[in-house]
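# Coordinates in review
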Amino acid sequence: MKVAVSYLSSDDYLKCINKINNSDADYIHADLCDGKYVENKNFTMGLLSKIFGAAQKKLHVHLMCVDPLKYVDMIASYNVSTIIFHLDATKDVNKVIDYISSMGIRVGIALNPDDDIDILAPYLKKIDEVLFLTVTPGRGGQPFQEKVLDKVDKFNEIKKDYQIETIIDGGVNDSTISLLVDKDIDIIVSGSYVTSGEDYNERIETLKKGSLL
Ligand code: DX5
Ligand code: ZN
């Protein structure tokens, strides 16, 4: 299981990115909140160029933004492995998928806790990752919604016929990790649990081992 660390809950994004750079995290999970798809807004283009420019690990960009297509060119100029967007944030899902893929970037679709997995069906052949949000989108530090795990189990049956990675995002910490260890999950995202600690590696290691050290 790989670990992606989100800077969303930190007070100083740049400082946090630098700490993630120097940690054993596998990816930097970049949450972009536009103030439309979700209530809060957490970026300007100027800020993004600073923090993305400072990233020394591959970025997983999670767009909680209306009209995801308009961000793709800008994001593609950085060290990014995946762009993840929400299906209900665009009228033309296929166009967004095809454009991201054409840039040589992996495509992820994010499901909110109440989204049904059936909405993925038309896109399964074209996507690389599915991100299950286990919290309401837009904020770090919320409690893990266990009900999402039934959907993850169902999806993991379906995905056997495809090359798709499963990501869990939201409320993952040293206690909720135990709900995830025996599931077929490729990447977990952790924000506040890792970034509220002084030693990121100790917390990342705890997540990777799946239990308290
Ligand atoms: C929720 C975000 C998550 C979140 C994770 O809107 O997509 O990535 O920041 O943070 P924690 O781990 O604090 O829930
Ligand atoms: Zn996220």
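Rules used throughout
- Residues numbered from 1 in each chain as written.
- Chains lettered and ligands numbered in written order.
- Predicted model: local features only at pLDDT ≥ 70, side-chain atom pairs only at ≥ 80, totals over all residues.
- Heavy atoms only, no water.
- Donors = N, O, S within 2.8 Å, 3.2 Å for Na, K, Ca; no water.
- Tetrahedral: all angles 85-135°; square planar, octahedral: opposite > 155°, others 65-115°.
- Helix = DSSP H or I, 4+ residues; strand = E, 2+ residues; numbered from the N terminus.
- Buried < 20%, exposed > 50% of the residue type's maximum accessible area, 1.4 Å probe, protein only.
- Near = heavy atom within 4 Å.
- Polar contact = N/O pair within 3.5 Å; in protein donor to acceptor, adjacent residues only side chain to side chain.
- Areas by Shrake-Rupley, 256 points an atom, 1.4 Å probe, with all protein chains shown as cover.
- Pairing = 2+ DSSP bridges.
- Axes fitted to C-alpha atoms, helices over the stretch in contact; angles between N-to-C directions.
- Salt bridge = Lys/Arg side-chain N within 4 Å of Asp/Glu carboxyl O.

Donor atoms from the polypeptide that coordinate the zinc ion (ligand 2) comprise His29 (NE2), Asp31 (OD), His62 (ND1) and Asp169 (OD), at 2.1 to 2.2 Å from the metal. Here the zinc ion (ligand 2) is ringed by six donor atoms whose angles at the metal span 71 to 173°, and the overall shape comes out octahedral. Of note, the donors binding the zinc ion (ligand 2) are all from one chain and are spaced H-x1-D-x30-H-x106-D. Remark: aspartate 169 occurs in strand S7 (residues 165-169) and aspartate 31 occurs in strand S2 (residues 27-33); sequence separation between them is 138 residues. Look at aspartate 31 and you get buried, because its relative accessible area is 4%.

So, about the site of ligand 1. Neighbouring ligand 1 are 20 residues, the closest being Asp31, Gly138, Asp169, Gly191 and Ser192. Between ligand 1 and aspartate 169 there is a distance of 2.6 Å, counted from an oxygen atom to a side-chain nitrogen or oxygen. Calculation on ligand 1 without its partners gives an accessible area of 380 Å², and the protein chains cover 99% of this total. Where the shell around ligand 1 is concerned, the elements lending two or more residues are S2, strand S3 (59-64) and strand S8 (187-190).

Pairing in this closed barrel of eight strands is parallel, and the strands run S1-S2-S3-S4-S5-S6-S7-S8 around the ring. This sheet shows a mean twist of 25° between the axes of neighbouring strands, independent of strand direction. In this structure, S2 lies alongside S3, joined through six bridges in parallel fashion. Across the sheet, residue isoleucine 28 finds its bridge partner in S3, namely leucine 59.

This part is about the pattern of salt bridges. In this structure the tally under the stated criterion is 10 salt bridges. The partner of arginine 106 in a salt bridge is glutamate 165, with the nearest N and O atoms 3.3 Å apart. Of this pair, arginine 106 sits in strand S5 (residues 106-111) while glutamate 165 sits in strand S7, and the two are 59 residues apart along the sequence. Relative accessible area serves as the criterion here: at 32%, arginine 106 is assigned to the partly exposed category. Residues lysine 147 and aspartate 114 are paired through a salt bridge, measuring 2.7 Å at the closest nitrogen-oxygen approach. Here lysine 147, found in the loop between strand S6 (129-133) and helix H5 (148-158), pairs with aspartate 114, found in the loop between S5 and S6; they are 33 residues apart in sequence, far enough to count as distant. For aspartate 114, a relative accessible area of 67% puts it in the exposed group.

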